[in-house]
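Each chain, letter by letter, is given below.
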Amino acid sequence: MTDSEILRAYPCDDLVVSPTLQAWRGVRVNTPATVVWPWVAQVRLAPYSYDWIDNLGRRSPRQLVGLPEPRVGEAFTTAGGRKRGRIVSVEPGKQLTGSIMNAFMSYVLVPDEHNTTRLLLKVVMRTNRVIALGLSVGDLVMARRQLLTLKQLAEAGTE
């Protein structure tokens, strides 16, 4: 993450006053944002992280299924066969913000030069500091895997 990526405004920033947890992640995806977006929007179907942990061993889809654009109020994701969280803000092709387990997270797509995209994720939460520390370690591992999986799928052009 660059300083400007950390300092930029994210939709989740307006949803938690004085967060005790703020975590930023980002990857460069070697494809345009228009190719990355459907994969981000498909997070509604599965977590795309370590499926054996957060999806009870069910494999996250490796093909796009042609979902309609996400809408505020819809379930944010599905894990272990159960719908989880809620979408709280969406700008198709640009950002998806959801709430799950008292945390808010914004996925932001930033078109970059040479048809690449920065896929950024910010997570904010208000909780006690001990829980925030534990969650930040877990988020580091799980969110990184999720972003790398989405990157891999978008770059493979799997549809």
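Our subject is the structure listed above.
Presented here is a report on the structure given in the accompanying data block. The structure presented is a predicted model; accordingly, all values stated were derived computationally and were not measured. (Residues numbered from 1 in each chain as written. Predicted model: local features only at pLDDT ≥ 70, side-chain atom pairs only at ≥ 80, totals over all residues. Heavy atoms only, no water.)

Summed over all chains, the structure comprises five salt bridges. Between E155 and K151 there is a salt bridge, with the nearest N and O atoms lying 2.7 Å from each other. With a gap of four residues between them, E155 and K151 both fall in helix α4 (residues 129–156), about one helical turn apart. The partly exposed category is assigned to E155, whose relative accessible area is 34%. (Salt bridge = Lys/Arg side-chain N within 4 Å of Asp/Glu carboxyl O. Helix = DSSP H or I, 4+ residues; strand = E, 2+ residues; numbered from the N terminus. Buried < 20%, exposed > 50% of the residue type's maximum accessible area, 1.4 Å probe, protein only.)

Let's shift gears to the pairing of strand β4 (residues 86–91). Direction of pairing for β4 relative to strand β5 (residues 95–100): antiparallel, over a ladder of five bridges. What sits directly across from V90, in β5, is L96. Between β4 and β5, which pair antiparallel in sequence order, lie three residues; one of them, G93, sits at a positive phi of approximately 85°. (Pairing = 2+ DSSP bridges.)

Across the chain, the bulk of peptide bonds are trans and the bulk of non-glycine residues have phi less than zero. For H114, which is not a glycine, the phi torsion comes out positive at approximately 60°. Inspection of the secondary structure puts H114 in the loop between β6 (103–112) and β7 (116–125). Backbone geometry places N115, a non-glycine residue, at a positive phi of 55°.

We now examine the nonpolar core. With 31 residues, the main nonpolar core has V40, Y107 and L119 as its most contacted residues. For this core, the elements supplying multiple residues, two or more each, are β1 (21–29), α2 (33–41), β4, β5, β6, β7 and α4. Here the element with the most residues in this core is α2; it accounts for six residues. If sequence neighbours within four positions are ignored, V40 has contacts with L96, Y107, L109 and L119. (Core = buried A, V, L, I, M, F, W, Y, C linked by side-chain atoms within 4.5 Å. Contact = heavy atoms within 4.5 Å.)

The next point concerns the environment of A41. The residue A41 is located in helix α2 in this model. Along the chain, A41 and Q95 lie 54 residues apart, while their C-alpha atoms are 9.1 Å from each other. Discounting residues that sit within four places of it in the chain, A41 has contacts with L67 and P70.

Scope: geometric values only; no functional claims are made or implied.
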